[in-house]
Amino acid sequence: MMATRRIIKSVLRNFLGTLTSRYSDWHGYWLFGFVVNDLERLDHDLLIPVAGSPDETPLAHLRTLATIKFLEQLSKAQLDPIRIREAILVIERLPGRVEVQYNPYTDPYTTSGYHVRFMVRAITDLGRAYEYEQIVAVAPHDPAHEFQSATWN
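Residues numbered from 1 in each chain as written. Predicted model: local features only at pLDDT ≥ 70, side-chain atom pairs only at ≥ 80, totals over all residues. Heavy atoms only, no water.

(A) Expanded view of helix H3 (residues 58-76). Compared with the 27 Å implied by 1.5 Å per residue over 19 residues, the 26 Å span of H3 between its first and last C-alpha is a close match. Within H3 the residues assigned to the buried category are Pro 58, His 61, Leu 62, Thr 64, Leu 65, Ala 66, Thr 67, Lys 69, Phe 70, Gln 73 and Leu 74. (Helix = DSSP H or I, 4+ residues; strand = E, 2+ residues; numbered from the N terminus. Expected span 1.5 Å × (residues − 1). Buried < 20%, exposed > 50% of the residue type's maximum accessible area, 1.4 Å probe, protein only.)

Following this line, the structure appears as structure tokens:
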């Protein structure tokens, strides 16, 4: 029982860590810079299968990526998805503007952005609920100050 609780908590923490990382990209740039201006609140069911397409929007890509990364974390933890009854991702742009710093080591640049709250909640097959939350500063996409990933084709 204790091990399962620890595993689920680590799945949720690792999921948000990978989702908000620089490796969540859209055409080689950090994905969240493309959605932050239009984002107020997104609720996404992580257990509903999604099928990405090459023509999808950044928001649709975010949904696809979130589901894939959640299932990857379950797999890495060797936790059968059948053990999770419900898994919801909430992404919410918080009110007000904040200063966001880009590339502090290579090209220091500060711009205006937002705090975005990422929260994931999972309910197990036994009815136990777990949550993890992270707040990240996100600025709108600016190709003049962002570097495109070298791995993007």
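And the narrative resumes.
(B) Structural view of the pattern of salt bridges. Enumeration over the complete set of coordinates arrives at six salt bridges. Asp 125 is the salt-bridge partner of Arg 83, the closest N and O atoms lying 3.4 Å from each other. With Arg 83 in the loop between H3 and strand S4 (84-93) and Asp 125 in the loop between strand S6 (109-124) and strand S7 (129-138), the pair connects residues that are 42 residues apart, well separated along the chain. Of the residues examined, Asp 125 reaches a relative accessible area of 36% and is grouped as partly exposed. For Arg 117, the salt bridge is made with Glu 92, and the minimal N-O distance between the two is 2.9 Å. Within this pair, whereas Arg 117 is found in strand S6, its partner Glu 92 is found in strand S4, the two being separated by 25 residues in sequence. (Salt bridge = Lys/Arg side-chain N within 4 Å of Asp/Glu carboxyl O.)

(C) Focus on a positive patch on the surface. Together, Arg 5, Arg 6, Lys 9 and Arg 128 make up a positively charged patch on the protein surface. Topologically, Arg 5 is positioned in helix H1 (residues 2-19). Judged by its relative accessible area of 35%, Arg 5 falls in the partly exposed class. (Patch = residues over 30% accessible without salt bridge, like charges linked within 9 Å, V, L, I, M, F, W, Y side chains within 5 Å. Areas by Shrake-Rupley, 256 points an atom, 1.4 Å probe, with all protein chains shown as cover. Lys, Arg positive; Asp, Glu negative; His and termini not counted. Charge placed at Lys NZ, Arg CZ, Asp CG, Glu CD.)

(D) Structural view of the side chain of Lys 69. For Lys 69, the location among the structural elements is in helix H3. An unpaired buried charge is present at Lys 69: no salt bridge exists, and Glu 72, the closest side chain of opposite charge, is 5.0 Å distant. Not counting residues within four places of it along the chain, the set of residues in contact with Lys 69 comprises Phe 15, Thr 18, Leu 19 and Ser 24. (Contact = heavy atoms within 4.5 Å.)

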